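Survey of secondary and tertiary structure
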Amino acid sequence: WLFLLSAIVILTAQAVAQTKPLYQFCINNKGNYTSNSTYDKNLNHILSSLSSGARINYGFFNSSYGNNSDEVHAIGLCRGDSNSDDCRSCLNNAASVLKQNCPVQKEAILWYDHCMFRYSNRSIFGRMETSPRVYMWNQYNVSANYLDQFNNVLRTLLEGLRDEAAAGGSLRKYAVNNTIGPQFMTLYAIVQCTPDLSAIGCYNCLTGAFGDIPKCCSGKQGGRVIRPSCNFRFEVGQFYNSTAEPLPPTSSPVSPPPPSSNNTNSTPSAGTHDIRSKSNTSRTVIIIVVPTVAFVVLIISVCVYLRVRRPREKVESK
């Protein structure tokens, strides 16, 4: 009984977390459509194909349907450490929520923690796009005693991951690693681009995203910048799975990374204590055998706790 109660509480907590997007944009200046119009039917065709088993290539979904001004283009991207089942579930949920929340806009984008989904009436495949963007950061500040040292460690880690992701080929542009920072703490980071970008497009997108760090995360123990074409995140404390779905041995040849650039003027910041990021969903739940009423109270408490633990965020739109 105790195990069953634990499973119900954890699954409820995960469901609550997934139904609340990190952020979404219903883009009003790209045109609107009406219910049952040709554009609406084309969009529904793409969404139904996704839910009915359309191919998702190693966490990446791309589809176009229709003609001329009523053609719909859609892209979905799962975080590189997501398995195929979780990826499909996340994209289906994102697509459904996005159309419901943006019922008339021809262009819209939504991010969950583990996936992104967007659609538009213009071609978006192979285009490096930097906005709209989302900034999120850890609530805890960096110790001033180690700030410069930590900034240097973080910069080295992110730039190395950028080069690795940009060289990732056409199936996946994703890199993850950790490093030892001041006071023997461990800093974890991931970077990712949509794999339809060229190597230089991914490199430039991430370099620009690193440059946004002073706008959101300077002096913080963790943070992330999320753009349509790329994103990155760093934290003190592991927040990702260590392994990703393996690529086939016949995957596209790896492109060499672009030469190092001195244009990254960001001042990345993180913390010096091994404290979990506020932006992490807690995975620790204390279970006590209780009567039914207390169990309901426990479920509500978990839901409220997850909502309170949402990271502070700043957004910038077109």
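Residues numbered from 1 in each chain as written. Predicted model: local features only at pLDDT ≥ 70, side-chain atom pairs only at ≥ 80, totals over all residues. Heavy atoms only, no water.

Under an unreviewed UniProt entry, the protein has the name Gnk2-homologous domain-containing protein and belongs to Carya illinoinensis.

**Some remarks on the overall build of the protein**
The line we're drawing: Under the DSSP-based scheme used, a helix requires at least four consecutive residues in state H or I and a strand at least two consecutive residues in state E, with every element numbered from the N terminus. Throughout, exposure labels follow a simple rule: accessible area from a 1.4 Å probe, protein chains only, divided by the maximum for the residue type, with under 20% read as buried, over 50% as exposed, and the rest as partly exposed. Pairs of residues are marked as contacts when any of their non-hydrogen atoms sit within 4.5 Å. Areas reported as accessible are Shrake-Rupley estimates using a 1.4 Å probe. Residue values count occlusion only from the protein chains shown.
Counting its secondary structure elements, the protein contains seven helices and eleven strands. Relative to its 318 residues, the protein shows a buried fraction of 48%. Summarising the internal contacts of the protein: among those between residues at least 6 apart in sequence, 76% fall at separations of at least 24. Total accessible area on the protein stands at roughly 15,000 Å², and carbon and sulfur atoms take up 52% of it.

**Brief notes about the environment of Asp70**
Inspection of the secondary structure assignment puts Asp70 in the loop between strand 2 (60–65) and strand 3 (72–78). On a C-alpha basis, the gap between Asp70 and Tyr39 in space is 4.7 Å, while along the polypeptide they are 31 residues apart. Sequence-distant contacts of Asp70, that is, excluding residues within four places in its chain, are made with Thr38, Tyr39, Asn42 and Tyr65.

**Considering the state of the cysteines**
Here is the rule we go by: Criterion for a disulfide: a pair of cysteine sulfur atoms at a distance within 2.5 Å.
Counted according to the given criterion, the structure contains six disulfides. Sulfur-sulfur distance for the disulfide between Cys78 and Cys87 comes to 2.1 Å. Torsion about the S-S bond of the Cys78 and Cys87 cystine: about 90°, corresponding to right-handed handedness. In this structure, Cys78 and Cys87 share a single accessibility class: buried. The disulfide partner of Cys216 is Cys217, and the S-S distance across this bridge is 2.2 Å.

**Observations concerning the packing of helix 2 (residues 38–51) against helix 3 (residues 84–101)**
Rules: As a rule, the C-alpha atoms of each element are fitted with a line to give its axis, helices using only the stretch in contact, and angles between N-to-C directions run from 0 to 180 degrees. Angles below 35 degrees are treated as roughly parallel, those above 145 as roughly antiparallel, those between 65 and 115 as roughly perpendicular, and all remaining angles as oblique. Less than a right angle of anticlockwise turn of the near helix away from the far helix marks a crossing as left-handed, whereas a clockwise turn marks it as right-handed. Residue classes follow a fixed rule: Ala, Val, Leu, Ile, Met, Phe, Trp, Tyr, Cys and Pro count as nonpolar, while Asp, Glu, Lys and Arg count as charged, and any other residue, Gly among them, counts as polar.
Helix 3 packs onto helix 2 with a crossing angle of 160° between their chain directions and a minimal axis gap of 9 Å. On the basis of the axis angle, helix 2 is roughly antiparallel to helix 3. With respect to the hand of their crossing, helix 2 and helix 3 are arranged in left-handed fashion. Of the residues in helix 3, those touching helix 2 at Asp40, Leu43, Asn44, Leu47, Leu50 and Ser51 are Arg88, Leu91, Asn92, Ala95 and Lys99. When the residues that make up the contact of helix 2 with helix 3 are grouped by side-chain class, the tally is five nonpolar, three polar and three charged.

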